[in-house]
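Residue-level structure breakdown
The primary structure of each chain is shown beneath.
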Amino acid sequence: MSKAVDSQNDLMEKIVSLCKRRGFIFPSSEIYGGLGSAWDYGPLGAELKRNVKAAWWSAVVHQRDDMVGLDASILMHPKTWEASGHVSSFSDPFVQCPSCQRHFRLDKVWDEIESSPWVVSLRETMIVDADNSYLLHWARTEGKKLAPNLSLVKEPEVTLSWIADSLSAFGQQKVNFKDFLGRLAARQSGIAQTPCPQCGAILPEEGVAANLMLKTSLGPVEQTAEKVYLRPETAQGIFVNFKNVLDATHRRIPFGIAQIGKAFRNEVTTKNFIFRMREFEQMEIEYFTTKQDAEDCHRRWIEDRLNWYLNMGVHKENLRVRPHAKDELAHYAAACTDIEYNFPFGWSELEGIANRTDYDLKQHAKFSGKDLQYQDLTTNEKFYPYVIEPSGGVDRATLAFLVDAYHEEIVKDQTRVVLKFSKQLAPVKVAVLPLLKKNDGIVTLAKRIKNDLQKEFVCVYDDTAAIGKLYRRQDEVGTFYCVTVDVQSLEDGQVTVRDRDTMAQERISVDRLKEYLREKLAI
């Protein structure tokens with residue numbers, strides 16, 4: 001019988017806890033207090049992430065006739081980023097709270113406010129009652145702890161005097177909640193202000209631009225070293241190698257180049273575990289086509305990429321496709337569509353598929369002085385190809401797969417936690433478990449089985465607990481099959497194979513165990 005997860009915040013906390021406890025993901029440099037937005041993938045996380053990348057590479061390169069791969073350098077000539085526009089315009093406006101000194105992206109600050117602890121607490125108070133006394137009580141209790149610099153908390157009687165009408169409207173669900181929150185932060189003028197998500201203080205009205213690229217020095221002596229950037233995206237490595245790939249492979253349009261690699265962005269705000277980090281890994285494709293076919297090509301890539309997530313086991317109801325409005329598009333883009341996932345913190349971008357037109361190759365041709373046009377050998381026509389770019393994050397995909405796989409159910413009055421990964425993604429396929437770790441015969445046979453299976457499957461051996469506990473351990477990391485060696489195995493040469501999802505058990509001969517698992521784990 002399925003058990004609903006208590007809340008979305010609770011789900012996220014459970015996943016973060018499980019990842020730390022079972023070795024999926026650790027805070028980076030934890031013994032020194034950690035480093036903001038940096039995470040290390042542990043033994044199981046490394047396997048999961050490797051499987052995500054392998055599944056993507058297989059789908060977009062090995063299973064297609066029109067794709068090749070690339071692995072470009074993280075460090076590139078600085079002019080690359082001038083041509084791409086990153087040096088001049090790759091920035092986000094941010095504001096700094098004058099009280100707590102925290103930084104927030106100006107365009108995202110209201111998202112932060114509405115999900116902040118003090119606003120969540122305030123909403124709960126208002127749901128109970130819209131009466132002034134409840135709001136006053138909140139200001140003197142929870143508000144004082146969660147938003148000590150909010151005008152309502154510092155001067156509750158004065159603030160309440162000019163929001164009486166809003167309070168009345170709130171009871172009938174007619175209030176503009178954003179305006180209501182702004183008035184809670186207002187000075188004595190009563191004009192709504194933007195409150196700090198962290199402490200409630202009034203934020204500045206104007207933002208300051210922050211360049212998102214990370215700089216470093218190339219050379220052993222800092223004074224004479226060349227200033228370069230850690231790439232903020234992998235795409236430019238593909239564009240500058242377009243002619244190299246074309247000459248080396250003799251490809252004809254349409255064709256694409258795929259790449260998986262690290263990227264770095266000096267994000268103002270990082271949050272939600274591995275969803276947004278300063279060091280992350282991208283899975284990107286630049287697909288070159290004609291202007292005439294670009295729109296249809298864009299549509300096909302949206303379908304292909306959506307189907308990939310479904311094929312990886314993501315539930316359909318947790319995915320949606322959202323085309324960008326005109327005011328969201330980059331200046332060079334003809335169209336862009338996001339594949340979004342319903343994370344515990346809300347619907348957010350999982351992958352974007354953009355029609356970048358012919359902007360990129362034109363820019364690099366202009367800045368480099370090289371001819372990057374494509375020549376059609378049939379017509380001898382030369383032109384700059386249009387580019388369709390499916391761009392996803394390895395880390396975001398990994399988080400989505402973790403969230404989607406997480407499952408709780410009640411078994412014999414106990415909560416069983418299971419990560420129901422697909423066959424392609426499960427970090428461990430088989431666990432070999434001896435029923436009695438002090439029985440030399442059982443242990444010897446179990447280790448022999450494990451050594452044989454690991455030549456073909458990712459396997460683990462565990463004898464550190466009773467069998468019931470061992471099963472639960474493997475369930476919560478997503479292991480597909482548990483193979484138990486018991487006393488009877490020494491007599492009849494058979495072992496018990498337990499299925500992760502159904503918990504059904506079957507006796508299988510050791511001689512045909514590998515064949516059995518091969519059939520069960522076939523993709």
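The sections below set out a description of the structure shown in this document. (Residues numbered from 1 in each chain as written. Predicted model: local features only at pLDDT ≥ 70, side-chain atom pairs only at ≥ 80, totals over all residues. Heavy atoms only, no water.)

The next subject is the side chain of Arg 396. When you line up the elements, Arg 396 lands in helix α17 (residues 394-405). In this structure, Arg 396 is buried with no salt-bridge partner, the nearest side chain bearing the opposite charge being Glu 349 at 4.3 Å. Engagement of the side chain of Arg 396 in a polar contact is seen with the backbone oxygen of Phe 275, the distance being 3.0 Å. With sequence-adjacent residues up to four places away left out, Arg 396 is seen in contact with Ile 274, Phe 275, Arg 276, Phe 343, Glu 349 and Leu 350. (Helix = DSSP H or I, 4+ residues; strand = E, 2+ residues; numbered from the N terminus. Buried < 20%, exposed > 50% of the residue type's maximum accessible area, 1.4 Å probe, protein only. Lys, Arg positive; Asp, Glu negative; His and termini not counted. Salt bridge = Lys/Arg side-chain N within 4 Å of Asp/Glu carboxyl O. Polar contact = N/O pair within 3.5 Å; in protein donor to acceptor, adjacent residues only side chain to side chain. Contact = heavy atoms within 4.5 Å.)

Before going further, it helps to examine unusual backbone geometry. Looking along the chain, the bond that leaves Ile 253 and enters Pro 254 is cis, with omega of 5°. Phi is positive for Ser 29, close to 55°, though the residue is something other than glycine. Counting through the fold element by element, Ser 29 comes out in the loop between β1 (25-27) and β2 (39-41). Accessibility expressed as a relative area gives 35% for Ser 29, which makes it partly exposed. Not every positive phi belongs to a glycine, and Phe 273 is a case in point at roughly 60°. Residue placement: Phe 273 occurs in the loop between β9 (255-264) and β10 (279-289).

Looking now at α17. Taking 1.5 Å of rise per residue, 12 residues should cover 16 Å, and α17 covers 16 Å from first to last C-alpha, within 8% of that figure. Burial runs high along α17: 12 of the 12 residues are buried. Considered for burial, the residues of α17 that qualify are Val 394, Asp 395, Arg 396, Ala 397, Thr 398, Leu 399, Ala 400, Phe 401, Leu 402, Val 403, Asp 404 and Ala 405. (Expected span 1.5 Å × (residues − 1).)

The next point concerns helix α21 (residues 513-520). Turning to α21, its buried residues number three or more, namely Leu 513, Tyr 516 and Leu 517. Summarising the axial view, the buried residues of α21 lie within an arc of 90°, below the 170-degree limit, and thus occupy one face. Taken together, the buried residues of α21 touch β19 (430-434), α18 (440-453), β21 (481-485), β22 (494-499) and β23 (505-509). (Arc of directions from axis to C-beta.)

Here we take up the sheet that holds β9. Strand-to-strand pairing in sheets goes through backbone hydrogen bonds, with the strands running parallel or antiparallel. With mixed pairing, seven strands are arranged side by side in an open sheet as β3-β9-β10-β16-β13-β12-β11. The open sheet has two edge strands, β3 (67-70) and β11 (319-323), and neither has a second partner. The average undirected angle you get between the axes of adjacent strands in this sheet is 25°. Pairing of strand β13 (residues 346-355) with strand β16 (residues 386-393) involves five bridges; the strand directions are antiparallel. (Pairing = 2+ DSSP bridges. Axes fitted to C-alpha atoms, helices over the stretch in contact; angles between N-to-C directions.)

Along the polypeptide, Ala 431 turns up in strand β19. In this structure Ala 431 touches Val 460, Gln 474, Thr 479, Tyr 481, Cys 482 and Val 483, once residues within four positions along its chain are discounted.

Attention shifts here to the state of the cysteines. Under the defined criterion, the tally for this structure stands at zero disulfides. Take Cys 297: it sits in no disulfide, and the sulfur closest to it among the cysteines is that of Cys 336, at 14 Å. Using a relative accessible area of 2% as the deciding quantity, one classes Cys 297 as buried. (Disulfide = S-S within 2.5 Å.)

To continue, consider the sheet that holds β19. Strand order in the open sheet formed by five strands is β20-β19-β21-β22-β23, and the pairing between neighbours is mixed. Each having just a single partner strand, β20 (459-461) and β23 make up the two edges of the open sheet. In this sheet, adjacent strand axes meet at a mean angle of 25° when their direction is disregarded.

Before going further, it helps to spend a moment on the pairing of β13. Here is the key point about a regular strand: its side chains alternate between the two faces of the sheet. Counting buried residues in β13 gives seven out of 10 residues, a clear majority hidden from the surface. Bridge count for strand β12 (residues 335-343) against β13 is nine bridges, and the pairing is antiparallel. Across the sheet, Ala 335 pairs through a bridge with Asn 355, a residue of β13.

Right, let's talk about the packing of aromatic side chains for a bit. Summed over all chains, the structure comprises 18 aromatic pairs. Seen in terms of ring centroids, Trp 56 and Trp 57 are 6.2 Å apart; in terms of plane orientation they differ by 50°. Their pairing is tilted. Trp 56 gets classed as buried once you look at its relative accessible area, which sits at 1%. Residue Trp 57 is classed as partly exposed on the basis of its relative accessible area of 22%. Among the aromatic residues, ring-to-ring pairing joins Phe 239, Phe 242, Phe 255 and Phe 288 into one connected group. Of note, Arg 396 hangs over the ring of Phe 275, and the distance from its end group to the ring centre comes to 3.8 Å. A cation over a ring is seen here: Arg 498 above Tyr 471, with NZ or CZ 4.5 Å from the ring centre. (Phe/Tyr/Trp six-rings, centres within 6.5 Å; stacked < 30°, edge-to-face > 60°. Lys NZ or Arg CZ within 6 Å of the ring centre and 35° of its normal.)

Below, the discussion takes up the pattern of salt bridges. This model, assessed by the stated rule, comprises 35 salt bridges. Between Asp 247 and Lys 243 there is a salt bridge, with the nearest N and O atoms lying 3.8 Å from each other. Note that Asp 247 and Lys 243 are positioned in helix α14 (residues 242-249) at a spacing of four residues, about one turn of the helix. You can call Asp 247 partly exposed: its relative accessible area is 48%. For Arg 416, the salt bridge identified is with Asp 475, shortest N-O distance 2.9 Å. Residue Arg 416 is located in strand β18 (residues 414-419), and its partner Asp 475 is located in helix α19 (residues 467-475); the two are separated by 59 residues in the primary sequence. For Asp 475, a relative accessible area of 1% translates into the label buried. In this structure, a network of salt bridges that share partners links the residues Arg 320, Arg 322, Glu 328, Asp 338 and Glu 340.

Geometric values such as these leave the question of function open.
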